[in-house]
Amino acid sequence: MQTKALKPDDPGILLTVGNQASIFCTRVEEPESRQIINNRVLQCDAVPDPSTPANPLSSVWNYNPVEYWEDSGDYYFTGVFPYSGDNISIDNTYYLNVRYLAGSNIDLMVARAYRDAAVNTDPVPLEFKHTTAAVRILFGKASDSPSDNYALTDFRLESLNASGTFKVLTRLNTAGIAADPISPSNWTSGSPATLATWSAESDGDRISIPHPADSDDPDGYVQMGWYYMIPQALNGESAIRFSIVYNNEDPVETVLSITDRDGIPGADSWIPNCVYNYYITLSQSGLNLKVKTTPWDEVQVNTDDIMFEG
């Protein structure tokens, strides 16, 4: 359970009836290339798959109208979750381009698949990869004394890239996909901005900060997040700004840099498909910050097959 709490481990983000993804397919048989599917809606119609009811990660996805295999040619499939009719395209150099706003807080996922129709025309599974970085801020107090009371009154993340474009090559065979993982180079970012602002509107809206019995267990902390962030190198102004009330005194504001943290792994950049937990522990003498990172791959789920008929 502790491992699960370190990641946004909710398969329902993708696997929910009614969810929609964008689907593309191109057939290539030299010297000709033909687009079979261009940003069509791929919709989740059942979770779990009625044929495998004991598997909660199984699902049924469909699109319309159904396309039919030819018995030759290379088929290249690309899926993007969630569906967008405006922000997703494949250019004439075979690159997928997705415009993304970090403030939308969407778990942007991309899948690529390849099939040589001369070898087989079996259904094509899509494995979706996370393209963003998941970031969460955790607040706890060092003391377990009931006379040490801390409450959060204001919180924001500052000087972080708010918009960007994700770009990845779509025409890769099976070996190429394995050798071409998603990386920071797939992202082009815009200008830094303030994200994820929150303020208590009244004293009753203040968030009491607990003492975690296990300092490594996120469930014992106040959890601010998850935030799906554009992968980026953090700049010198990147910071967590927050205000704390101690024992009903006046709020005290702190600006905590989240870059150049000596000896903290992953503190100078956020990379795709990784999770970052920032633990902030408060005490009367100040605060302590530690960062823990973990791969996100462990929580990937597979959609059911894209059904081609023929």
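All of these numbers come straight from a predicted model, not from anything done at the bench. (Residues numbered from 1 in each chain as written. Predicted model: local features only at pLDDT ≥ 70, side-chain atom pairs only at ≥ 80, totals over all residues. Heavy atoms only, no water.)

1. Remarks on the overall build of the chain
Rules: We count a stretch as a helix when DSSP gives it H or I for four or more residues in a row; a strand needs E for two or more, and each element gets its number in order from the N terminus. Accessibility here uses a 1.4 Å probe with only protein chains present; expressed as a share of the type maximum, an area under 20% marks a residue as buried, one over 50% as exposed, and anything in between as partly exposed. Should any heavy atoms of two residues lie within 4.5 Å, those residues are counted as being in contact.
Looking only at helices and strands, the chain has two helices and 21 strands in total. Principal axes of the C-alpha set define a box for the chain whose edges measure 75 × 45 × 35 Å. Burial statistics for the chain: of 310 residues in total, 46% are counted as buried. Within the chain, contacts between residues separated by at least 24 positions form 72% of all contacts whose residues are at least 6 apart in sequence.

2. Examining the nonpolar core
For clarity, the threshold we go by: Residues grouped as a nonpolar core are buried Ala, Val, Leu, Ile, Met, Phe, Trp, Tyr and Cys residues, joined through side-chain atoms within 4.5 Å.
In this structure, Ile137, Phe139, Phe155, Phe242, Trp270 and Tyr278 are the most contacted members of the largest nonpolar core, which totals 50 residues. Elements with a contribution of two residues or more to this core: strand 6 (95-101), strand 9 (133-141), strand 10 (150-161), strand 11 (163-169), strand 15 (222-229), strand 17 (239-246), strand 20 (274-283) and strand 21 (286-295). In terms of nonpolar packing, the next biggest core, distinct from the first, is built from 22 residues, Leu15, Leu42, Phe81 and Val124 among them.

3. A look at the environment of Asp122
If you trace the backbone, Asp122 turns up in the loop between strand 7 (109-116) and strand 8 (129-130). A relative accessible area of 45% means that Asp122 is categorised as partly exposed. Separated by 98 residues in sequence, Asp122 and Phe24 place their C-alpha atoms 17 Å apart.

4. Looking at the confidence of the model for the chain
Condition: The pLDDT value tells you how sure the predictor is about a given residue, anywhere from 0 up to 100.
Taken as a whole, the chain shows an average pLDDT of 88; of its residues, 92% reach a score of 70 or greater. Scored below 50 in pLDDT, residues 298-310 shows 54 contacts in the model against residues more than four places distant or in partner chains.

5. Some remarks on the sheet that holds strand 6
Each strand in a sheet pairs with another by means of backbone hydrogen bonds, the pair being arranged parallel or else antiparallel. As a reminder of what qualifies: What makes two strands pair is DSSP finding at least two bridges between them. Lines fitted to the C-alpha atoms define the axes, with helices restricted to the stretch that makes contact. Angles between their N-to-C directions range from 0 to 180 degrees.
Taken in spatial order, the four strands line up as 5-6-11-12 in an open sheet, and their pairing is antiparallel. Looking at which strands have only one partner, the edges of the open sheet turn out to be strand 5 (88-90) and strand 12 (187-189). Here the strands of the sheet are splayed against their neighbours by 20° on average, with no regard to which way each runs. Pairing between strand 6 and strand 11: seven bridges, direction antiparallel. Opposite Tyr95, over in strand 11, you have Leu169 as the bridge partner.

6. Let's talk about the pattern of salt bridges
The cut-off we apply is this: Salt bridges are counted wherever a side-chain nitrogen of Lys or Arg sits within 4 Å of a carboxyl oxygen of Asp or Glu.
Throughout the structure, instances matching the rule amount to twelve salt bridges. For Arg27, the salt bridge identified is with Glu70, shortest N-O distance 3.5 Å. Of this pair, Arg27 sits in strand 1 (residues 20-29) while Glu70 sits in the loop between strand 3 (60-62) and strand 4 (74-81), and the two are 43 residues apart along the sequence. The exposure class of Arg27 is buried, given its relative accessible area of 9%. Taking the relative accessible area as the measure of exposure, Glu70 reaches 33% and is therefore partly exposed. The residue Arg241 makes a salt bridge to Glu253 at a minimum N-O spacing of 2.9 Å.

7. Overview of unusual backbone geometry
Trans peptide bonds make up most of the peptide bonds, and negative phi angles are found at most residues other than glycine. Of note, the amide linkage connecting Val47 to Pro48 takes the cis form, showing an omega dihedral of -5°. Structurally, Pro48 is set in the loop between strand 2 (32-46) and strand 3. In this structure, Pro82 follows Phe81 across a cis peptide bond, with omega equal to 0°. Residue placement: Pro82 occurs in the loop between strand 4 and strand 5. Positioned with a positive phi, Asn248 is a non-glycine residue whose angle comes to about 65°.

8. Examining the packing of aromatic side chains
In this description, an aromatic ring pair is defined by two values, namely the gap between the centres and the angle between the planes. Applicable threshold: Pairing of aromatic side chains here covers Phe, Tyr and the six-membered ring of Trp, requires ring centres within 6.5 Å, and sorts the geometry by plane angle: under 30 degrees stacked, over 60 edge-to-face, intermediate tilted. Charge over a ring is defined by NZ of Lys or CZ of Arg lying within 6 Å of the ring centre and within 35 degrees of the ring normal.
Enumeration over the complete set of coordinates arrives at 13 aromatic pairs. Geometrically, the ring pair formed by Tyr100 and Trp187 is edge-to-face, given 5.9 Å between the ring centres and 75° between the ring planes. With Tyr100 in strand 6 and Trp187 in strand 12, this residue pair connects regions lying 87 residues apart in the sequence. No difference in accessibility class separates Tyr100 from Trp187, as the two residues are buried. Taking 6.4 Å as the distance between ring centres and 45° as the angle between the ring planes, the aromatic pair formed by Trp270 and Tyr276 counts as tilted. By the burial criterion, Trp270 is buried, and Tyr276 matches it. Grouping aromatic residues by their ring pairs yields a cluster made of Phe139, Phe155, Tyr227 and Phe242. Here the basic side chain of Arg171 rests over the ring of Tyr94, its NZ or CZ set 3.7 Å away from the ring centre. Sitting above the plane of the Tyr279 ring, Lys290 keeps its charged end 5.1 Å from the centroid.

9. Some details on the sheet that holds strand 1
Here we have six strands laid out as an open sheet, ordered 3-2-1-4-7-8, and antiparallel in their pairing. Since the sheet does not close on itself, it has two edges, and those belong to strand 3 and strand 8, each with one partner. Sheet topology places strand 1 next to strand 4; seven bridges connect them, and they run antiparallel. The residue of strand 4 that forms the bridge with Ile23 is Gly79.

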